[in-house]
Amino acid sequence: RHVLYQMFWSPEAALTYVAHRYPATWASNFRVLYELARRAPDFQPKRVMDYGAGPAPGLTAVQEIWPGIMEYATAIEPSDHMTQLGKY
């Protein structure tokens, strides 16, 4: 594999992501899901999978748009440090 394919976040890089990128990532996910909910009001996701979830801003946005609807969520993140942050 190419060196740029690295799927690892150091503890410092993971915290930097949360501080710097999480709000914007959450906001873009929220906007897309908000439009989906507005344009397809019958759509009620019961199961959600987030691949490359990081600290899971996408799943947080789903919970905000459809509170209490999601029965099952899967967050797939290969980096242990990102996974640890996603648990909070």
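Notes on the structure follow. Fair warning: this is a prediction, and the values are worked out from it, not measured in the lab. (Residues numbered from 1 in each chain as written. Predicted model: local features only at pLDDT ≥ 70, side-chain atom pairs only at ≥ 80, totals over all residues. Heavy atoms only, no water.)

### Focus: the overall build of the protein chain
Scanning the protein chain for helices and strands turns up four helices and two strands. With respect to the principal axes defined by its C-alpha atoms, the protein chain has extents near 45 × 25 × 25 Å. Relative to its 88 residues, the protein chain shows a buried fraction of 27%. Summarising the internal contacts of the protein chain: among those between residues at least 6 apart in sequence, 74% fall at separations of at least 24. Accessible area for the protein chain stands at about 6,400 Å²; split by element, carbon and sulfur atoms hold 58% of it. Distance from the positive charge centre (8 side chains) to the negative charge centre (8 side chains) of the protein chain: 6 Å. (Helix = DSSP H or I, 4+ residues; strand = E, 2+ residues; numbered from the N terminus. Buried < 20%, exposed > 50% of the residue type's maximum accessible area, 1.4 Å probe, protein only. Contact = heavy atoms within 4.5 Å. Areas by Shrake-Rupley, 256 points an atom, 1.4 Å probe, with all protein chains shown as cover. Lys, Arg positive; Asp, Glu negative; His and termini not counted. Charge placed at Lys NZ, Arg CZ, Asp CG, Glu CD.)

### A few points about the side chain of aspartate 50
Among the secondary structure elements, aspartate 50 is positioned in strand 1 (residues 47–51). Setting aside its immediate chain neighbours within four residues, aspartate 50 contacts Ala56, Gly58, Leu59, Thr74, Ala75 and Ile76.

### Some words on the environment of glycine 52
Looking at where glycine 52 falls in the secondary structure, it is placed in the loop between strand 1 and helix 3 (57–65). The class of glycine 52 is partly exposed, set by a relative accessible area of 40%. Residues glycine 52 and isoleucine 76, spaced 24 residues apart in sequence, show a C-alpha to C-alpha distance of 5.6 Å. When neighbours within four sequence positions are excluded, glycine 52 is seen to be in contact with Ile76 and Glu77.

### Concerning helix 2 (residues 22–39)
In this model helix 2 runs 26 Å from its N-terminal to its C-terminal C-alpha over 18 residues, within 8% of the 26 Å that 1.5 Å per residue would give. Tyr22, Thr25, Leu33 and Glu35 are the residues of helix 2 that are buried. In the core, the buried residues of helix 2 are packed alongside helix 1 (11–20) and helix 3. (Expected span 1.5 Å × (residues − 1).)

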